[in-house]
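# Descriptive analysis of the structure
Given next are the chains, with one letter for each unit.
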Amino acid sequence: MEGQGSYTLPTGTEYRGALRDGMFEGEGELIFPNGGRYRAVWHRGVPVQGKYTFADGLQYKDKKWHYCDGYDRRFYTEICSGLKPPGTSQLTNLDPPKKIPEGCYDCGDGFYNPETRVIVDYKLRFLRNADDDEHEWIIRTCRKAWDETIEHKPKP
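The following refers to the structure shown. For clarity, every value in this text was computed on a predicted model and none was experimentally measured.

## Some words on the environment of Ile100
With respect to the element layout, Ile100 can be found in the loop between helix 1 (76-81) and strand 6 (105-106). Taking the C-alpha atoms as reference points, Ile100 and Ala145, separated by 45 residues in sequence, lie 4.9 Å from one another.

## As for the packing of aromatic side chains
Centre distance and the angle of the planes are the two values used to describe a pair of aromatic rings. Inspection of the entire model under this criterion finds 7 aromatic pairs. Aromatic pair Tyr15 and Phe24: ring centres 3.7 Å apart, planes at 5 degrees, arrangement stacked. Among the aromatic residues, those joined into a cluster by ring pairs are Tyr15, Phe24, Tyr38 and Trp42.

## Points about unusual backbone geometry
Phi is positive for Arg117, which is not a glycine, with a value near 60 degrees. For Arg117, the position within the fold is in the loop between strand 7 (111-113) and strand 8 (118-120). In this model, Leu124 sits at a positive phi of 70 degrees, which is unusual for a non-glycine residue. One can find Leu124 in the loop between strand 8 and strand 9 (126-129). A residue is classified by how much of its surface remains accessible, and Leu124, at 54% relative accessible area, is exposed.

Cut-off values and rules
- Residues numbered from 1 in each chain as written.
- Predicted model: local features only at pLDDT ≥ 70, side-chain atom pairs only at ≥ 80, totals over all residues.
- Heavy atoms only, no water.
- Helix = DSSP H or I, 4+ residues; strand = E, 2+ residues; numbered from the N terminus.
- Phe/Tyr/Trp six-rings, centres within 6.5 Å; stacked < 30°, edge-to-face > 60°.
- Buried < 20%, exposed > 50% of the residue type's maximum accessible area, 1.4 Å probe, protein only.

Quick look at the structure:
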């Protein structure tokens, strides 16, 4: 592969940009299935300078990253659009959040089934198998289907 072009990886990630000797070279962009983008300058297939932008437009900064830290726990959509009224929770950056299949977890890029240890994307396509570290992290950290908020319904 040589020149300008695009290449889709088996994961669904697409590269658009310059290629040389079958490798990413010069300016190019990786476009991830979740909508995130990584624009970079590449040399022999390795990024030498780049910037990641999440699907919602938030740009990652490798230095002085203050998004959703201990001091400011707002999601990016709350920073851009404001907080919801008191008594209304926003559980994820997506509002309303994706409905999690029974017995599964929302791990950020898809759903995790702890029985099969398989992660699928939000369209239920296979992404990967979780190793022991990722399994423990998801179980300890991520939102579970049975943790979804149930709205109060007043008596008729």
